[in-house]
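Architecture at a glance
The chain contents come next:
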Amino acid sequence: MALRLLLLTCLLGGVLSAQDKAVETESPPAKTDKSGDSPLFRWRVGASLGTSYSALLVEPRHDRSLPNHGINGEFALSGRVAHRDSGVSANLRACWGCHGLELEEATIQWRPLEILSVRAGRMNVHTGSYNARHDFNTRATIAKPLTRIMGGMVRQVEFNHGVLPAPYVDNGLNLALDLDAGPVALRLDGFVLAGLKGVNDDIDFDRSRDFPDNNGEPSFGAALGLETPIVSLNLAYLWGNYDADARRSYQVASADLRAHLGPVTLDAEFAWRQTQFSRPGSPGGEDQFWKWGWWVQADWQVVGGLRLLAAVDSLAVKGIYLAGFGPTPNPALAVTDDNNRILRGTIGVSYTTIGGVLLRLNGEYWEFSDFNDAWVIHAGIGWSF
Amino acid sequence: MRKLFAVLACACLLAAGCATTSRWDAEYEKAPEPVRTDWALTKQRCGRCHTLEKVFLQLQVDNDRQDVLWTVEDMARKPGSGITRSEVATITDTLEWYRAR
């Protein structure tokens, strides 16, 4: 806690200092040409530091249905270096947050043709546009959509998170084609990945970030992105086996849309996953359950750095029971039936100061089909560059 | 808990009452007319996913127009950026004016 407070104090001090300096500079001095300073490489560095407070407003207050309530933090550093002549670049991003120190990206990117790029290593897999904006300080809400929620989820253990992790980080290879036709840009991605991982009857997002491939078989993915000045559309599909014996498969499909209508940004996403599991005593792979969710959000830039948002999202799990430790095929261990649903409404306000410090406050109402409803508030402060 | 909620809400609203015009807007009022025209597009496209502070901090370390172009092309390839190929040059020129001013 002391370390977090110290970091935040330093950050805020730095922001205010930088702001004062810029305001005082009425006539900025002419910038010298630095092109001779680094003739071989161009580089970019970034950092994202934020902390948040989450509270579950139900009785009893410490029933642990929101596992990571209280104060949490996410601190990330990133960098990119590119060779000026060849265009080959290296990307690195590390985050220290809910799961300890995680390597989110460590890739080389090579562009042999103007329209073709190759990325290899540990990567943020572009399954939908939200994955590119998962960072704590670039998203409008503190909690993620139910399609991709990990922390900040009421009944997180029982539901075992959302449909897809955010970010989805995996080791593998990505081939991308970038095609342009005037006001429209088209992007096609193909992925060969180690794949999502799990041990029991569902995928485990935490275990999926382990470096060794648990079953020695690759998983595959494809994505299609369409960009226009007003609307962005992304479709993605993933397939693989998640268990160590490579007997139980999963397939994920998602579609998302982002529209910019003046000061209002509309986001919508649908994600669906089919996951195989085994009945007790069977070799596995002979039964399956479905998890799907949708999310709609409107984010309105009222004036300057002030934004208001409203969002509605839902998550459903069908074909498997929920127990206190997660999804289970065994009804004797279950606390619900095999058809569960969450509906959540969110309202929020955020403000970005001139120095770039982001302040957010969200209120959420969670309606469950098989558990008690709940209110949650989140408050956060962060800064990124 | 309600008190905390109320205090945070008041803090957000108070902050909202503070300056709402970016210093980058003020800088661009001094720019030539074509750059000022393109500033609206640049601000809108970059501001979709992150703050403009992030953009201008990066410009502090960029060496030349090629560096700026490299970053803009990178951003244009991110899913959901909404930046088309034809806009890459416009945004690059606008940011390059700021970098070299």
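Residues numbered from 1 in each chain as written. Chains lettered and ligands numbered in written order. Predicted model: local features only at pLDDT ≥ 70, side-chain atom pairs only at ≥ 80, totals over all residues. Heavy atoms only, no water.

So, about the overall build of chain A. If you tally the helices and strands in chain A, you get 2 helices and 18 strands. Considering chain A as a whole, with its 385 residues, one finds that 51% of them fall into the buried category. At a minimum sequence separation of 6, the contacts of chain A that also span at least 24 residues come to 57%. Total accessible area on chain A is roughly 16,400 Å²; 64% of this is exposed by carbon and sulfur atoms. (Helix = DSSP H or I, 4+ residues; strand = E, 2+ residues; numbered from the N terminus. Buried < 20%, exposed > 50% of the residue type's maximum accessible area, 1.4 Å probe, protein only. Contact = heavy atoms within 4.5 Å. Areas by Shrake-Rupley, 256 points an atom, 1.4 Å probe, with all protein chains shown as cover.)

With that settled, the discussion passes to the overall build of chain B. The number of helices and strands found in chain B is 6 helices and 0 strands. When the helices and strands of chain B are listed from N to C terminus, the series reads α-α-α-α-α-α. Burial analysis of chain B (101 residues in total) assigns 52% to the buried set. A separation threshold of at least 6 residues defines the contact pool for chain B, and within that pool the share at least 24 residues apart is 65%. By element, 62% of the accessible surface of chain B is carried by carbon and sulfur atoms, the whole surface being about 4,600 Å².

All names here are of chain B. With their axes 9 Å apart at the nearest point, helix α3 (residues 33-46) and helix α4 (residues 52-59) run at an angle of 110 degrees to one another. Put simply, α3 runs roughly perpendicular to α4. In contact with Trp39, Lys43 and Cys46 of α3, α4 contributes Leu52, Val55 and Phe56. Of the residues belonging to the contact of α3 with α4, the class tally is 5 nonpolar, no polar and 1 charged. (Axes fitted to C-alpha atoms, helices over the stretch in contact; angles between N-to-C directions. Parallel < 35°, antiparallel > 145°, perpendicular 65-115°, else oblique. Nonpolar A, V, L, I, M, F, W, Y, C, P; charged D, E, K, R; others polar.)

Positionally, isoleucine 377 of chain A belongs in strand β18 (residues 374-384). When the C-alpha positions of isoleucine 377 of chain A and isoleucine 347 of chain A are compared, they lie 9.8 Å apart, and in sequence the two are 30 residues distant.

In this section: the packing of aromatic side chains. Residues and elements named next belong to chain A. Under the criterion given, the structure shown has 12 aromatic pairs over all chains. Between tyrosine 130 and tryptophan 295 the ring centres are 5.5 Å apart and the planes differ by 85 degrees, which places this aromatic pair in the edge-to-face class. Of this pair, tyrosine 130 sits in the loop between β5 (116-124) and α2 (156-159) while tryptophan 295 sits in strand β12 (residues 287-303); the two residues are 165 residues apart in sequence, bridging distant segments of the chain. Across this residue pair, the class does not change: tyrosine 130 and tryptophan 295 are buried. Consider the rings of phenylalanine 277 and phenylalanine 289, whose centres lie 6.0 Å apart with planes at 50 degrees: the pair is tilted. Here phenylalanine 289 lies in strand β12 and phenylalanine 277 lies in strand β11 (residues 264-277), a separation of 12 residues in the sequence. (Phe/Tyr/Trp six-rings, centres within 6.5 Å; stacked < 30°, edge-to-face > 60°.)

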